[in-house]
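The lines below spell out each chain.
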Amino acid sequence: TWDKRDEFILPSKGYILTAGAELATRALGGEFDFIKYNASYTRYLTLYKQRDGEKHILSAGGKLGYAEPFGSDEEVPIFERFYAGGLNSVRGFEYRSIGPKEFGEPIGGSAMYLGSIEYTFPLYEQFLRGVLFLDIGNISETVYADDFADYRASYGFGFLVSLPAILGPRPLAIHFGFPIIYNEGDELRVFSFSVGRNF
């Protein structure tokens, strides 16, 4: 991890870059043989600073992932595959609903790409901020261009509510997402919330 953000909770400038690899093998006592790669990058920029010190912040970032079996295994186990949908991926879709399905249920995929652009701005002092966002991404079985072209996208708005006396320093995130590119059969979910920040 290379973290050059000015703050952890609400960064307004800098970037964070992460990359990693995970290896599981029977040769070392595991139950499966697979290797998994992850990388993410997010950049933060202050567009405008008000007289009271509150900032208008633009952030943009993406995540990539790839997993493949080796040895005697032909598939990555389902609990190690990639999933998307909902907060921290593509808002406006049901949690983990994007990607391959079997009998109508999501089974994850071997390749992932996600991207997001987000603009946050103050609404009431340091306690309430507004959010506008655009998300894009997909989960697929391969990294071929045809599979990656079958992406989902959504836009929306939300609020970040800071309640330090109750929840600590991390804000309550409330989002309303509206899919603009989706497939027939996708499970959609307009409202979502969590304690924390996107990316």
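Because the structure is predicted, anything quoted here is derived from the model rather than measured.

## Let's talk about the overall build of the protein
Scanning the protein from terminus to terminus reveals two helices and 13 strands. A fraction of 59% describes how many contacts in the protein between residues 6 or more apart in sequence connect residues 24 or more apart. Entry remark: accessible area of the protein is about 11300 Å², with carbon and sulfur atoms responsible for 59%. Within the protein, the 26 negative side-chain charges are centred at a point lying 12 Å from the centre of the 19 positive side-chain charges.

## A word on the packing of aromatic side chains
All told, the structure shown has ten aromatic pairs when counted by the stated rule. Pairing F176 with F191 gives two aromatic rings, centres 5.4 Å apart and planes at 50 degrees, and the pair type is tilted. In this pair, F176 sits in strand β11 (residues 172-181) while F191 sits in strand β13 (residues 191-195), placing the two residues 15 residues apart along the sequence. Clustering of aromatic rings is evident, with ring pairs tying together Y155, F157, F159, F176, F178, F191 and F193. In this structure, R91 packs its charged tip against the face of F133, placed 3.7 Å from the ring centre. Between R96 and the ring centre of Y83, over which it is positioned, the NZ or CZ distance is 4.3 Å.

## Thoughts on the sheet that holds strand β3 (residues 34-49)
Read across the sheet, nine strands follow the order β1-β2-β3-β4-β8-β9-β10-β11-β13 without closing on themselves; strand pairing throughout is antiparallel. Every other strand in the sheet has two partners, leaving β1 (2-3) and β13 as the edge strands with one partner each. In terms of strand pairing, β3 meets strand β4 (residues 55-69) through 15 bridges, oriented antiparallel. Its bridge partner being in β4, K49 is matched across the sheet by K55.

## Some words on the nonpolar core
Core analysis: the largest hydrophobic core is formed by twelve residues, namely A24, F34, A67, V76, F82, A84, V90, F93, I98, M112, L114 and I139. Setting aside residues no more than four positions away along its own chain, F82 makes contact with K36, Y37, N38, G65, Y66, A67, G108, G109, S110, A111, M112 and I139.

## Observations concerning the environment of G62
Its place among the elements puts G62 in strand β4. C-alpha of G62 to C-alpha of R5: the two residues are 57 residues apart in sequence and 16 Å apart in space.

## Some thoughts on the side chain of H175
In this structure, H175 sits in strand β11. Engagement of the side chain of H175 in a polar contact is seen with the side chain of R91, the distance being 3.3 Å.

## Comments concerning the side chain of R152
Locating R152 in the fold gives a position in strand β10 (residues 152-161). Looking at R152, its side chain comes within polar contact range of the side chain of D186, at 2.8 Å. R152 has contacts with F93, I98, G99, D135, I136, G137, N138, I181, Y182, N183 and D186, leaving out every residue within four places of it along the chain.

## Overview of the pattern of salt bridges
Scanning the model with the defined rule gives ten salt bridges in all. Ionic pairing is found between E54 and R129, a salt bridge with its closest N-O pair at 3.7 Å. With E54 in the loop between β3 and β4 and R129 in strand β9 (residues 128-140), this pair connects stretches of sequence that are 75 residues apart. Note on accessibility: E54 and R129 belong to one class, buried. With a closest N to O distance of 2.8 Å, R152 and D186 form a salt bridge. Taken as a pair, R152 in strand β10 and D186 in the loop between β11 and β12 (188-189) lie far apart in primary sequence, 34 residues in all.

Conventions and cut-offs
Positions within a chain are numbered from 1, following the residues in the order the chain's sequence is written. For this predicted model, a pLDDT threshold of at least 70 governs which residues receive local features, and a threshold of 80 or more governs which side-chain atom pairs are given and counted, while totals over whole chains, interfaces and linings are taken from all residues. Working from all heavy atoms in the structure, the side-chain values ignore hydrogens and water. Each helix is a run of DSSP H or I of at least 4 residues and each strand a run of E of at least 2, with the numbering of both proceeding from the N terminus. We call two residues in contact when some of their heavy atoms are within 4.5 Å. A 1.4 Å probe and the Shrake-Rupley method give the accessible areas. Residues count as covered only by the protein chains that appear here. The charge count treats Lys and Arg as positive and Asp and Glu as negative. His and the chain ends do not count. A charge is said to be at NZ when it belongs to Lys, at CZ for Arg, at CG for Asp and at CD for Glu. Here a pair means two rings of Phe, Tyr or Trp (six-membered ring of Trp) with centres within 6.5 Å. Their orientation is stacked below 30 degrees between planes, edge-to-face above 60, and tilted elsewhere. Counted as over-ring charges are cases with an Arg CZ or a Lys NZ within 6 Å of the ring centre that also lie within 35 degrees of the ring normal. Any two strands with at least two DSSP bridges between them are considered paired. In this description, a nonpolar core means a group of buried Ala, Val, Leu, Ile, Met, Phe, Trp, Tyr and Cys residues linked to one another through side-chain atoms lying within 4.5 Å. Only protein chains enter the accessibility calculation, which uses a 1.4 Å probe. A residue is then buried if its area is under 20% of the maximum for its type, exposed if over 50%, and partly exposed in between. Pairs of N or O atoms are called polar contacts if they sit within 3.5 Å, as long as, within protein, a hydrogen donor faces a hydrogen acceptor (for residues adjacent in sequence, only side-chain-to-side-chain pairs). Think of a salt bridge as a Lys or Arg side-chain nitrogen and an Asp or Glu carboxyl oxygen that are within 4 Å of each other.

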